[in-house]
Structures are given as structure tokens and as C-alpha cells.
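Coordinates in review
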Amino acid sequence: MSSNTKSRRRLMTGLGTTAAAVALGTRRTAAQGAMSTFTPARHAQDDWMELPGAHRIVLDITSAAGMPEGIRFAGNLYNGSKTGYDLGDADLALIIVLRHAATQFGYGQGIWAKYGALLDSKAAEPPTANPYDAPPRQQLSGLAKRGVHFLVCGSASLGLASRLAGKDGDSAAMMKTMTADMLPNSHIMVGVAGVVGATRAQERGYSYLFVG
């Protein structure tokens, strides 16, 4: 057998192997593509997130230091959408998550008037009102009027209820008192960490912005 004949056979064999590998790779890619389609489950307790609006955004606030920035970012989203896109407030579905060390700011003036010193022990003077919703500015209530909804961490709220009730107090009763005095448009995830709500919002199409 000539060397040319052997070379041609090796070439044809190599081409056949390559074609088989390409075909196998194509089938694997197609199979992986079919498997990668993912639709998250929907749960009734999150249905309130189906807010009207052409754009969905969730702001995630986890600290007292993040509150001013979160309020500013929300205002910027509304105002920028107006000046840059000629959109109104109703065109935005905006959720602010108040969790971890920002949870207490989801509660109203009655709770703060009575327990302000416990809710913000680092303040120079014991606060008697929610510092981000105190008259005359009432920043958080003002955002609620523009359409913002607040998602308040349930797990952290239970911790707050225990602290406010005291060692021998009734934390369950305190929790009821707290949930009766929340910001407008508030939704508390009872017994559930706020971080869960932040992820559920993303699964419903909300663009996520971490504030801090």
C-alpha cells in the first residue's frame, strides 16, 4: 500500500471522528439548552409584588446608614424617569426592602414615640419619632404616596419585638402592636427573613439595587 493511500485513509478517519464529535457536541448543547430553561415558582404571599408599572426596581437597605441613600436613590429613580424618559410615577413599580439593621424604620410614629431609645440606642438624644418619617418631611410616607411599597423583614421584626417586650414581656403581643403601626404600603414577611423577599422580587422581574 502506498504512503499516499495510507495518508488519505488517516485523513478520512480523522474527518469522521471530528464530525462525530461535532454532532455529539451539538446534541449535548441542545440538551443543556433545553434543561437550562428555568421558571421560578410563584407563591401567593408574594402576589402583592405584582404592582403596576412598566419598570420594576427593588432597593435593598440593610443598615441605618443606608437609609438616606435609599431614600435618595428612590427619588432619583422617579425624577430621572421623568426628566429622561417622560415617565410618571405610576410607570415605576418600586419596592424598598427594610431588613437587618434597617428593619426598625419600617415602623410608625407610635412605636418610635414609645420605644425610640431601644430602637436607636446610638442616637445622641433618644428619638421620639421615626427619623426618616418624622414631620414635617415624612420622607418614607412621601415615597409611599408616590407608589413605593416597603418589604419589612419578619425575622428581624421578631427580634425587635422580643427586645421591646423585655425579658419577661409578651413578644407575640408586642409583634401585634408593631404590625398595627407600620409605614403605608408596608408588607411584613412574618417569620421570614427579608433577604428571601429580595430574591422573590428578582424572580418577579425586579431589577436589584443593593444600597447598604
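Before reading on, note that the structure itself is shown above.
Read on for an overview of the structure. (Residues numbered from 1 in each chain as written. Predicted model: local features only at pLDDT ≥ 70, side-chain atom pairs only at ≥ 80, totals over all residues. Heavy atoms only, no water.)

1. A word on the overall build of the protein
Looking only at helices and strands, the protein has seven helices and five strands in total. Each helix and strand of the protein, ordered N terminal to C terminal, gives the series α-β-α-β-α-α-β-α-α-β-α-β. Taken across its 212 residues, the protein has 36% of its residues classed as buried. In the form shown here, the protein has an accessible surface area of approximately 12,000 Å², with 57% of it arising from carbon and sulfur atoms. (Helix = DSSP H or I, 4+ residues; strand = E, 2+ residues; numbered from the N terminus. Buried < 20%, exposed > 50% of the residue type's maximum accessible area, 1.4 Å probe, protein only. Areas by Shrake-Rupley, 256 points an atom, 1.4 Å probe, with all protein chains shown as cover.)

2. Points about the packing of helix α5 (residues 154-165) against helix α6 (residues 171-179)
Where α5 contacts α6, the axes come no closer than 8 Å and their chain directions differ by 115°. It follows that α5 is roughly perpendicular to α6 by the angle criterion. The crossing of α5 and α6 is right-handed. Residues Ser157, Leu158, Leu160, Ala161, Ser162, Leu164 and Ala165 of α5 touch α6, and the partners they reach there are Ser171, Met174, Met175 and Met178. Tallied by class, residues from the contact of α5 with α6 come to eight nonpolar, three polar and no charged. (Axes fitted to C-alpha atoms, helices over the stretch in contact; angles between N-to-C directions. Parallel < 35°, antiparallel > 145°, perpendicular 65-115°, else oblique. Left-handed = near helix turned anticlockwise from the far one by under 90°. Contact = heavy atoms within 4.5 Å. Nonpolar A, V, L, I, M, F, W, Y, C, P; charged D, E, K, R; others polar.)

3. Description of the nonpolar core
Judged by nonpolar contacts, the single largest core of 34 residues is most densely connected at Met67, Ile96, Leu98, Tyr107, Phe150 and Met178. Secondary-structure elements contributing two or more residues to this core are β1 (55-61), α2 (67-85), β2 (92-98), α3 (109-119), α4 (139-146), β3 (149-152), α5 and α6. In this structure methionine 178 touches Tyr107, Ile111, Ser157, Leu160, Ala161 and Leu164, once residues within four positions along its chain are discounted. Residues Trp48, Met49, Ala198 and Tyr206 belong to the second largest nonpolar core, which totals 12 residues. (Core = buried A, V, L, I, M, F, W, Y, C linked by side-chain atoms within 4.5 Å.)

4. As for empty space enclosed by the protein
This structure, assessed with the given rule, holds one cavity of 30 Å³ or more. Taken as a whole, the largest cavity encloses approximately 40 Å³ of empty space. Every residue lining the largest cavity is listed: Pro40, Ala41, Arg42, His43, Asp46, Arg200, Glu203 and Arg204. In terms of residue class, the lining of the largest cavity is built from two nonpolar, one polar and five charged. (1 Å grid on protein atoms, 1.4 Å probe; cavity = no way out; pocket = protein on both sides within 12 Å on 5 of 7 lines; lining within 4 Å. Points joined across faces, edges and corners; volume = space filled by probe spheres on them.)

5. Description of the packing of α2 against α4
Here α2 crosses α4 at 30°, and the two axes come no closer than 11 Å. Taken together, the axes of α2 and α4 lie roughly parallel to each other. Our pair here, α2 against α4, has a crossing hand that is left-handed. Of α4, the residues touching α2 (which contributes Met67, Ile71, Ala74, Gly75, Tyr78 and Asn79) are Gln139, Leu140, Leu143 and Arg146.

6. Considerations on the pairing of β2
With seven of its seven residues buried, β2 lies for the most part within the structure. Sheet topology note: the β1/β2 ladder contains seven bridges and is parallel. From the neighbouring strand, leucine 59 faces β2, where its bridge partner is isoleucine 96. In terms of handedness, the path from β1 via α2 over to β2 forms a crossover that is right-handed. Strand direction decides the pairing type here: β2 and β3, joined by four bridges, are parallel. Its bridge partner being in β3, isoleucine 95 is matched across the sheet by histidine 149. (Pairing = 2+ DSSP bridges. Right-handed = clockwise from strand over helix to strand, strands pointing away.)

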